[in-house]
Amino acid sequence: MLTAILLGFLFALFLVFAGKFFKGKLAVVSSIIPLSLFIYFASFIPRISSGEVIRRTYEWVPSFGVNLGFSLDGLSLLFSLMITGIGFLVYVYTSTYLKNHQYLDRFYAYLSVFMGAMLGLVLSDNIISMFVFWELTSISSFFLIGFNNTSEASRKSALTALGITGFGGFSLLAGALLLGSMAGTYSITEMLSMKEALAGHEFYILAVIFIFGAAFTKSAQFPFHFWLPGAMKAPTPVSTYLHSATMVKAGVYLLMRFTPVLGDTNFWNTTLISVGAITMLYSAVHTLFRTDLKGVLAYSTISALGILVFLIGLGSQGAFLAAAVFIIVHALYKATLFLVTGVIDLQSGTRNVTVLAGLRKVMMPVAVAGILAAISSAGIPPSIGFLGKELTYEASTHSTGLVIVIVAAIVLTKILLLYAGFVAGIKPFTGKLPEKFSEVKMPGPLMWVPPLLLAILGIVFGIFPALIESSLVKPVVTALSKDASDIHLALWHGFNTVLILSIITIVVGILLYLFLKPSEKLENRIGKLEPVSPESILKKLTYFFAVFSKFWTNVFQNGYLRNYVTTIVLFLVILVGYIFIGNSRLVIDHTQLSQITAYELAVTIILIGGVFYTVFTRSRIGAVAAMGVVGLAICLLFVFYSAPDLAMTQFSIDTLTVILFVLVLYRLPKYLVLSDYKMRIRDGILSLTFGGLISLLALQVLAEPVNSDIGDFYAKNAYLMAHGKNVVNVILVDFRGTDTLIEISVLAIAAIGVYGLLKLRVKSSDRPN
Amino acid sequence: MKTLILKTASNYLLPVLLVFSVFILLRGHYLPGGGFVGGLIAAIAFVLHAFANGLDKSKDLLKIHPGFLMPVGLGLAFMSGIAPVVGLDDPFMTGLWFPDPFPVIGNVGSALFFDIGVYLVVVGVTLTIIFTISESA
């Protein structure tokens, strides 16, 4: 199973080296990969439908409990078959759609990475590895949306999509970690047995919110939906594959996967029903105002995702059944419509619904595919779409609570979706062929066979629902922890409320299609609402964020060394001072202090004099020399208190410091007054506070009880074990020699840094502006 | 700062200071001193020479760029640490000693080579920084 998941990644890697062989006529050969994967997963159907769950675990980071655990149950199987099946058709279609494109190999590589990531996502049993694959799908989606990287709109849409789904990925990681700490395991299978404990946990709501955050962003639920229409900038095969059939359903998958673990609570169901209902209605209404075919399809996809979320929220066996069927329905007809749109776009050069008409005369097979898909989308018998719609209505009429509202919302959505499906699948092919399209040619078979195949499947499954009943649909319901034994799919359910609702939907929908024609006037009208849409609000937010961060950077990263030092010192003073004030146990035992000798007094006076001279002198060299005096006075104090090693080192260092200062200051202009009176007082106070605080800290350290064991050990063993009498040096080169080794490495790095900064700097003439 | 006295003195001071720095390095194991201080003193000796005679003269005297002393020193220090691992399968940085003391130098062990490494790194670092800054100032 690991090989199956990694195959996509390996193929992408292979394309890096062998890409140029796959650009030409061989491109279609690459579709062997998804086809073989499809066959591989299809071979599991008998075992899965008999109720088996196939598991494989590979150790990855066992110390953190992160394993590559994969499990294949009904839900994963349905998604895997969709990913590889539609993937296969998209691979085939692309070979013609992007024929002789300069970066066709690159496109296939991204597509393969995506396929691998998506398979990993739906097969992962470990939430952490699921998160990794989740992010990989976002990243591959980013590259695919921005595939036409010379177009600014593409790049912008890619960034928006990455931003939104990246935020969702972040939310998934947070949710995964929280769930992992709540359950004590990252395995979803193991979490199943802890349902009650998790639902009663104090962080339950928070974990659910994180999971929702991930699912709603990925599946483009309101108010995060706007990245999906933007993502339509991608080449049509990508829109088909990622942004309609598979990736956007990852959020739905996540919700379904977690339904047995976290679902069936009031919060879970209410939120999903409301968000799903708002999304499906909001975007279904939006389809009325679009003239771009892909725009219509994008909004109807969002609406379909809303229906799925809504059905998961209903949470009954019937609702899950409807969701499972609707996933298949939607994948079949929406992929067809996208592929048909791609053909129209490529052959006629436009996607504008208002001008497209009568194309059936020039591309009959494509028209058949489009019309069949539209029928399935509308839910007209005998398509599988009818079955899906019936089940959806059935589930909503049997829901609890505000049944009327729920049923009204879903019926209205379905009416509008029927309109959208007709606009995309029927409108371009019916009516009179305009003059300018009379020269439009029929595309190659590799382009019209895939959509036709999908469209025909939609009808075949509708007439023979037994084909998918026990192989695909029942295992999904079982995977969601519901009993699936009494499920029986059939087109004819008898004459009941649901059928009446269906008839109303179809009649009203067709009337709407006949009387309301898509026009630019309508599109402009909705454009006026743009400033209050979530997209514009987010744009404004990012703008303010950028402005604020610029301001913030200018305040702190202002390029003046003196300001940096002030900030650092001030921060330290406040932080250390705050802790110090609360915990000070400063006691100075006067009896322990020794007598002050005359030379100590003399050195201290010199030291203080040096400090004052440094601060108040008007000569730079004088200040440096005075600093040297201060340093040497400290050296003398070290000598008095018997620390000769320290004194020697300090002495040499001080000498070198003075030399360095002189070297740097020698070339500077004469002493300039850069600070005014007030600033000096401020700096003075700050310095005094800082110095005072450090002195207090030093005294505090002395007041702490000293653990002398370590010192005793070194003193005792320096000669015995290390043959040295100078304990300080023995510690440096022997006992703690590794520290010293690292320290001298740091020194060397510092020297290389100085050398690099000063010697290798770019000349101002070469510097880019 | 081209004074005749300093110039003359520095020519004599340079070898004396260098010998002194080696002396400090070697006595470090028994009395105050060691590779770090020794390296600083050697660096000061060269800086003094550069002050009196000009940077170019000191560079000619050194023959190689002082920066090359850094990898040599680091390598020496590292090898003195790794030697027991390779030779005797002991832990890293185990002290190895010759059984008998050498005349003048005293006991010689891996710690001494480590200290020589420190000495070289310190000379290299200090001179690299000071030479670089004084050249570009």
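Residues numbered from 1 in each chain as written. Chains lettered and ligands numbered in written order. Predicted model: local features only at pLDDT ≥ 70, side-chain atom pairs only at ≥ 80, totals over all residues.

**Student:** Mind showing me how you'd approach the overall build of chain B here?
**Tutor:** Counting its regular elements, chain B contains five helices and zero strands. In sequence order, the secondary structure elements of chain B are arranged as α-α-α-α-α. Out of the 137 residues belonging to chain B, those deemed buried represent 42%. When contacts within chain B are restricted to residue pairs at least 6 apart in sequence, those whose partners lie at least 24 apart make up 69%. (Helix = DSSP H or I, 4+ residues; strand = E, 2+ residues; numbered from the N terminus. Buried ≥ 20, exposed ≤ 12 C-beta atoms within 10 Å, placed from the backbone. Contact = placed C-beta atoms within 7 Å.)

**Student:** Would you mind showing me how to read the interface of chain A and chain B here?
**Tutor:** By a frequent convention, interface size equals the accessible area lost on bringing the separate parts together. With 37 residues of chain A in contact, the opposing surface of chain B contributes 41 residues. At the level of secondary structure, the elements contributing two or more residues to the side of chain A that touches chain B comprise helix H28 (644-666), helix H31 (727-735) and helix H32 (737-759) of chain A. Element by element, the count of residues in the side of chain A that touches chain B is highest for H32(A), at 14 residues.

**Student:** Can you help me understand the packing of helix H4 (residues 74-97) of chain A against helix H21 (residues 466-479) of chain A in this one?
**Tutor:** The relative placement of two packed helices comes down to the angle between their axes together with the axis-to-axis distance. Residue and element names in this part refer to chain A. Across the interface, H4 lies against H21 with an axial gap of 7 Å and an inter-helix angle of 135°. With respect to H21, the axis of H4 lies oblique. Of the residues in H21, those touching H4 at Gly-74, Leu-75, Leu-77 and Leu-78 are Leu-472, Pro-475, Val-476, Thr-478 and Ala-479. (Axes fitted to C-alpha atoms, helices over the stretch in contact; angles between N-to-C directions. Parallel < 35°, antiparallel > 145°, perpendicular 65-115°, else oblique.)

**Student:** Explain the nonpolar core here, please?
**Tutor:** Note that soluble globular proteins tend to have their nonpolar side chains buried in a common cluster. Counting residues in each nonpolar core, the largest one holds 192 residues, and the members touching the most others are A:Leu78, A:Ile211, A:Leu308, A:Leu311, A:Ala323, A:Ala324 and A:Val325. For this core, the element with the highest residue contribution is helix H16 (residues 317-348) of chain A, accounting for 21 residues. Three or more residues apiece are contributed to this core by two domains, here domain 1 (1-263) and domain 2 (264-518) of chain A. Not counting residues up to four positions away in its chain, the partners in contact with A:Val325 are A:Leu387, A:Gly388, A:Leu391 and A:Val473. One finds A:Met648, A:Leu747, B:Leu25 and B:Phe131 within the second-largest nonpolar core, a separate group that totals 52 residues. (Core = buried A, V, L, I, M, F, W, Y, C linked by C-beta atoms within 7 Å. Domains from an automatic or database assignment.)

**Student:** Quick question: what am I supposed to make of the confidence of the model for chain B here?
**Tutor:** Low pLDDT marks stretches whose predicted atomic positions should not be read closely. Of the residues in chain B, 93% reach a pLDDT of 70 or more, and the chain-wide mean stands at 83. Interface scoring of the predicted complex returns ipTM 0.87; its pTM is 0.69. (pLDDT = per-residue confidence, 0-100.)

**Student:** Can you walk me through unusual backbone geometry in this structure?
**Tutor:** Glycine aside, residues mostly have negative phi angles, and peptide bonds mostly take the trans form. Cis geometry is adopted by the peptide bond preceding A:Pro223, which originates at A:Phe222 and carries an omega value of 0°. Mapped onto the elements of the fold, A:Pro223 is located in the loop between helix H10 (204-218) and helix H11 (227-231). Despite not being glycine, A:Ala220 has its phi angle at roughly 55°, a positive value. On the secondary structure map, A:Ala220 appears in the loop between H10 and H11. Even without being glycine, B:Lys63 reaches a positive phi, approximately 70°. Take B:Lys63: it is sitting in the loop between helix H3 (55-62) and helix H4 (69-88). By C-beta crowding, B:Lys63 is classed as exposed, having 6 other C-beta atoms within 10 Å.

**Student:** Sorry, what's going on with the packing of H16(A) against helix H17 (residues 364-378) of chain A here?
**Tutor:** All names here are of chain A. Contact geometry for H16 and H17: axes closest at 9 Å, N-to-C directions at 145°. The crossing of H16 and H17 is left-handed. Touching Val-329, Leu-332, Tyr-333, Thr-336, Leu-337, Val-340 and Val-343 of H16 are Val-366, Ala-369, Gly-370, Ala-373, Ser-376 and Ser-377, all from H17. Partitioned by chemical class, the residues of the contact of H16 with H17 number nine nonpolar, four polar and no charged. (Left-handed = near helix turned anticlockwise from the far one by under 90°. Nonpolar A, V, L, I, M, F, W, Y, C, P; charged D, E, K, R; others polar.)

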